[in-house]
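Coordinates in review
So the chains spell out like this:
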Amino acid sequence: MSNRFQAPRGTQDVLPDAQPYWAAVNQAILEVTRLFGFRRIDTPMFEPAALFEKGSGDTTDVVEKEMYVFEDRGGETLALTPEGTPAICRAYLEHGMASWPQPVRLYTTHPMFRYDRPQKGRYRQHTQFDCEVIGSASPLVDAEVIELLWRLHQRLGLRNLEVRLASIDDPAPRRAYVERLKDYYRPNLDRLSEDSRRRFDRNPLRLLDSKDERDQPYKDAAPKLIDHLSPEAAAHQQVVQDALAAAGIPYRMDPLLVRGLDYYNRTVFEIVPTDDERAQGTIGGGGRYDGLVEILGGPHTPAMGFGSGIERIILEMQRNEVAVDEPERPPVYVVHKAEGAHRKVVELAGELRARGIAVTVGEGDRSMKAQLRGANSSGARIAIILGEDELAAGTAVVKDLTEVGGGQVTVPFGDLAATVAARLGSA
RNA sequence: GCGGGCGUAGCGUAGCGGUUAACGCGUCUGGUUGUGGCCCAGAAGAUCGAGGGUUCGAACCCCUCCGCUCGCCCCA
């Protein structure tokens, strides 16, 4: 068994039974992005590794320990895309989108690769639905982008979700806050968990997010970023909240919300299930990243966006038992059992398909019984039977499969397509 | 990267030291002379995740690896 090939760790095959979920999500994405005026972009599956080192931040986990980096035969250092935003910003600059009408609203669905330890809902290859609005500093854009993602989930029948919202301010005031936070924690440093002592140096904002027992006593009295926003960020935040309220989006302020990428400023948000305690519950998140385009060598260009994990959306749909449309199976199944019938079978199937009727051709080397069993389990509504007698007479049997002991009629080849079409039309 | 649980035919499970590894679903073939769904019969399909060890003997005990899973880190 394990001598056989297996899909690489953390990857998965999307089998036919799961495809209807993907189709439903993709369809909903198409509709919701249309309603909000977004246009699709597709970027390559790999990019220069430096794009993410610069863009996402070279001390972030995503870049530091999760990137699939490789050197190609020409010596280029490339990375399989670990996240979408820097790639889209790269395309924005590369194609001079700054000279398009601003802001530019783009979306995509794109495979993402992270060398991480797999868990349910966390895969080494996953697919993100990404939306980015580049070239606007308006807080209304923040709210609109959040609303878009919220509407997507609504459209997919997901309830029990909530938006968690925070502002992490702009870089300079945030640095001032972080110093304040470190001052608060510093005296108690040796009573904190090992993880938190590490966070103190590497990512102090995470201190407030600790789940370790030993860290709990210090959390309540710690200064919260949301209470120390710069006047500009606070005003921005207020408009975002007003707009969300006006849009009817339920949200909850989460002073502990921290995102893992360096480029965010001001608005950050996540959409999470309210009734699932799993660690990998977050199904989408994003925020404002006014500094990123500049970091990548462009002009100062404010922007806002999110990434949403389609695999996680689908897990939520399945957990909530959301019904999805199954694609229709071919309504016609051709049973054939006659020496030399193959030409006629192909002709007749072709005629039906030309009329837009889907056809499954049976296995002529199996018994008629076996083929009819196949017809039945395929879900076909009509079986066309072509045996020795019919072939000799230039006719075919049209048999109704929709009920037990369904009737059948014999028609000349010339009338077959019309007869079948009429039956399907009226049924 | 750290810690816990699990791994038996395509799927779901039983067996937990001792002859040819069992059951359900599914698949295939039949139930006479060319006709499906229910029913009946039969067949195929598993070197019991892989490799090594303990033992007279291992699916069952031990070790390593692989995979899945839960928690942590982190993230979608």
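Note that the structure is predicted; figures quoted are calculated from it, not measured. (Residues numbered from 1 in each chain as written. Chains lettered and ligands numbered in written order. Predicted model: local features only at pLDDT ≥ 70, side-chain atom pairs only at ≥ 80, totals over all residues. Heavy atoms only, no water.)

Following both chains from N to C, one finds helix α1 (residues 19–35) and helix α11 (residues 310–319) inclined at 115°, their axes separated by 10 Å at the closest point. Regarding the angle of α1 to α11, the classification is roughly perpendicular. The way α1 lies across α11 gives a crossing that is right-handed. Here α1 contributes Tyr21, Trp22, Ala24, Val25 and Ile29 to the contact with α11, which in turn contributes Ile310, Glu311, Ile313, Ile314, Met317 and Gln318. (Axes fitted to C-alpha atoms, helices over the stretch in contact; angles between N-to-C directions. Helix = DSSP H or I, 4+ residues; strand = E, 2+ residues; numbered from the N terminus. Parallel < 35°, antiparallel > 145°, perpendicular 65-115°, else oblique. Left-handed = near helix turned anticlockwise from the far one by under 90°. Contact = heavy atoms within 4.5 Å.)

Attention now goes to the confidence of the model for chain A. For chain A, the average pLDDT comes to 91, and 98% of its residues sit at 70 or higher. Strand β1 (residues 39–40) holds the highest mean pLDDT among the elements of chain A, 98, whereas helix α3 (residues 61–64) holds the lowest, 79. (pLDDT = per-residue confidence, 0-100.)

Mapped onto the elements of the fold, Tyr68 is located in the loop between α3 and β3 (69–71). Residues Tyr68 and Asp215, 147 residues apart in the sequence, show an inter-C-alpha distance of 34 Å. In this structure, Tyr68 is in contact with Leu78, Ala79, Leu80, Phe113, Arg114, Tyr115 and Arg124, ignoring residues within four places of it in sequence.

Lining the immediate environment of RNA strand B, one finds 56 residues, of which Arg114, Arg206, Gly260, Leu401 and Gly405 sit closest. The protein-proximal atoms of RNA strand B, defined as those within 4 Å of the protein, are 54% sugar or phosphate. In the environment of RNA strand B, a sugar or linking oxygen lies 2.9 Å from a nitrogen or oxygen atom belonging to the side chain of Asn376. Taken together, the elements giving at least two residues each to the surface near RNA strand B come down to β6 (125–134), α7 (194–202), β10 (284–288), β11 (303–309), α13 (368–378), β14 (382–387), α14 (388–393) and β15 (395–400). The leading source of residues in the surface near RNA strand B is α13, at six residues. Classifying every residue of the surface near RNA strand B by side-chain character gives eleven nonpolar, 21 polar and 24 charged. (Near = heavy atom within 4 Å. Polar contact = N/O pair within 3.5 Å; in protein donor to acceptor, adjacent residues only side chain to side chain. Nonpolar A, V, L, I, M, F, W, Y, C, P; charged D, E, K, R; others polar.)

Turning to a nonpolar patch on the surface, a few remarks are in order. On the surface, Met45, Phe46 and Phe70 cluster together to form a nonpolar patch covering roughly 280 Å² of accessible area. Using a relative accessible area of 43% as the deciding quantity, one classes Phe46 as partly exposed. (Patch = residues over 30% accessible without salt bridge, like charges linked within 9 Å, V, L, I, M, F, W, Y side chains within 5 Å. Areas by Shrake-Rupley, 256 points an atom, 1.4 Å probe, with all protein chains shown as cover. Salt bridge = Lys/Arg side-chain N within 4 Å of Asp/Glu carboxyl O. Buried < 20%, exposed > 50% of the residue type's maximum accessible area, 1.4 Å probe, protein only.)

If you look at the biggest cluster of nonpolar residues, it comprises 43 residues, and the most contacted ones within it are Cys89, Met97, Ile134, Tyr177, Tyr185 and Tyr289. Sorting the residues of this core by element identifies α2 (49–55), α3, α4 (85–94), β5 (104–113), α6 (171–185) and α10 (292–295) as the ones contributing at least two each. The residues touching Tyr185, leaving out its near neighbours within four places in the chain, are Leu192, Phe200, Leu207, Leu208, Tyr218, Lys219 and Ala222. Core analysis: the second largest hydrophobic core is formed by 40 residues, Phe36, Leu156, Ile249 and Ile314 among them. (Core = buried A, V, L, I, M, F, W, Y, C linked by side-chain atoms within 4.5 Å.)

In this section: α1. Taking 1.5 Å of rise per residue, 17 residues should cover 24 Å, and α1 covers 24 Å from first to last C-alpha, within 8% of that figure. Within α1, burial applies to Pro20, Tyr21, Trp22, Val25, Ala28, Ile29, Val32 and Thr33. Where α1 is buried, its residues contact β5, β6, α5 (139–155) and α11. Of the residues flanking the end of α1, it is Gly37, one or two places downstream, whose phi is positive at about 75°. (Expected span 1.5 Å × (residues − 1).)

So, on to the pairing of β14. Among the six residues of β14, six are classified as buried, and the element is accordingly described as predominantly covered. Of the two faces of β14, the one holding Ile382, Ile384 and Leu386 and the one holding Ala383, Ile385 and Gly387 are both buried throughout. Pairing geometry for β14 and β15, over four bridges, is antiparallel. Residue pairing for β15: Ile382 is matched across the bridge by Asp400. (Pairing = 2+ DSSP bridges.)

Relative orientation of the contacting elements α5 and helix α9 (residues 231–247) amounts to 40°, with a least axis distance of 8 Å. Compared by their axis directions, α5 and α9 come out oblique. Crossing handedness for the pair α5 and α9: right-handed. Only His236, Val239, Val240, Ala243, Leu244 and Ala247 of α9 make contact with α5, whose side of the interface consists of Pro139, Leu140, Asp142, Ala143, Ile146, Glu147 and Arg151.

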